[in-house]
Amino acid sequence: MSNHYYLPAGLPTPMAEPSGLYAPYWQGTREEKLRVQRNPATGTCQWPPQWIAHDTQSFELEWIDVEPKGVIYSWSRIWHPVHPALQNAVPYIIVIVELKHACGVRMLGNLLGDPNQKVEIGAEVEAVFEHHNDAAPPFTLVQWRATSRGEAKRLVQE
């Protein structure tokens, strides 16, 4: 099977550490689960992860699975390649996705599909788990796709 990734090869590999602050997030993506931190005392979610809770300054935090869907809060169509590997991959669209069911935290990612598509603030999106099984170590990226359905899709590379 050939590689079928949204962006071309040659980009820096994300630091999908098996330990450290982001470890539960990266483990979740491998399992096709989207995870954020939550303060168990207040129920407040946060992203990106931190060692302390934003709302109470407590060190007591937990990771929870959240629905892999949200709405577009903001977006930008990228025309200038910010890395040599992207020289022939522009334009592409990046989105800030608000996860209303997770205290409104926002995540940044790519919007899949036609790079010239019409993008609307408030449009529903779902996570797409893009597996990079040929990397060392393997990792999974979360991309986003506009949808009116609630069922997440995935791109698999074996």
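Higher on the page you've got the structure.
Residues numbered from 1 in each chain as written. Predicted model: local features only at pLDDT ≥ 70, side-chain atom pairs only at ≥ 80, totals over all residues. Heavy atoms only, no water.

> Quick question: what am I supposed to make of the packing of aromatic side chains here?
One pair of aromatic rings is described through two measures. These are the centre distance and the angle between the planes. Per the counting criterion, the structure on display carries 3 aromatic pairs. Centre to centre, the rings of Tyr 25 and Trp 26 are 5.3 Å apart; their planes meet at 75°, and the pair counts as edge-to-face. When sorted by exposure, Tyr 25 lands in the same class as Trp 26, which is buried. Seen in terms of ring centroids, Tyr 25 and Trp 47 are 4.9 Å apart; in terms of plane orientation they differ by 50°. Their pairing is tilted. Taken together, the residues span a long stretch of sequence, with Tyr 25 in helix α1 (residues 23-30) and Trp 47 in the loop between β2 (45-46) and β3 (62-66) at a distance of 22 residues. Of the two residues examined, Tyr 25 and Trp 47, each falls in the buried class. One aromatic cluster is present, formed by Tyr 22, Tyr 25, Trp 26 and Trp 47 through successive ring pairs. A cation over an aromatic ring shows up here: Arg 106 above the ring of Tyr 73, its NZ or CZ 3.5 Å from the ring centre. (Phe/Tyr/Trp six-rings, centres within 6.5 Å; stacked < 30°, edge-to-face > 60°. Buried < 20%, exposed > 50% of the residue type's maximum accessible area, 1.4 Å probe, protein only. Helix = DSSP H or I, 4+ residues; strand = E, 2+ residues; numbered from the N terminus. Lys NZ or Arg CZ within 6 Å of the ring centre and 35° of its normal.)

> Before we go on, may I ask you to explain unusual backbone geometry in this structure?
For residues other than glycine, phi is negative in most cases, and the peptide bonds are mostly trans. Cis geometry marks the peptide bond from Val 90 to Pro 91, where omega comes out at 5°. One non-glycine residue with positive phi stands out, namely Glu 32, at about 60°. Its place among the elements puts Glu 32 in the loop between α1 and β1 (34-38). A positive phi angle, close to 60°, is found at Cys 103, a residue other than glycine. Looking at where Cys 103 falls in the secondary structure, it is placed in the loop between β5 (92-99) and β6 (105-111). By relative accessible area, which is 46% here, Cys 103 ends up partly exposed.

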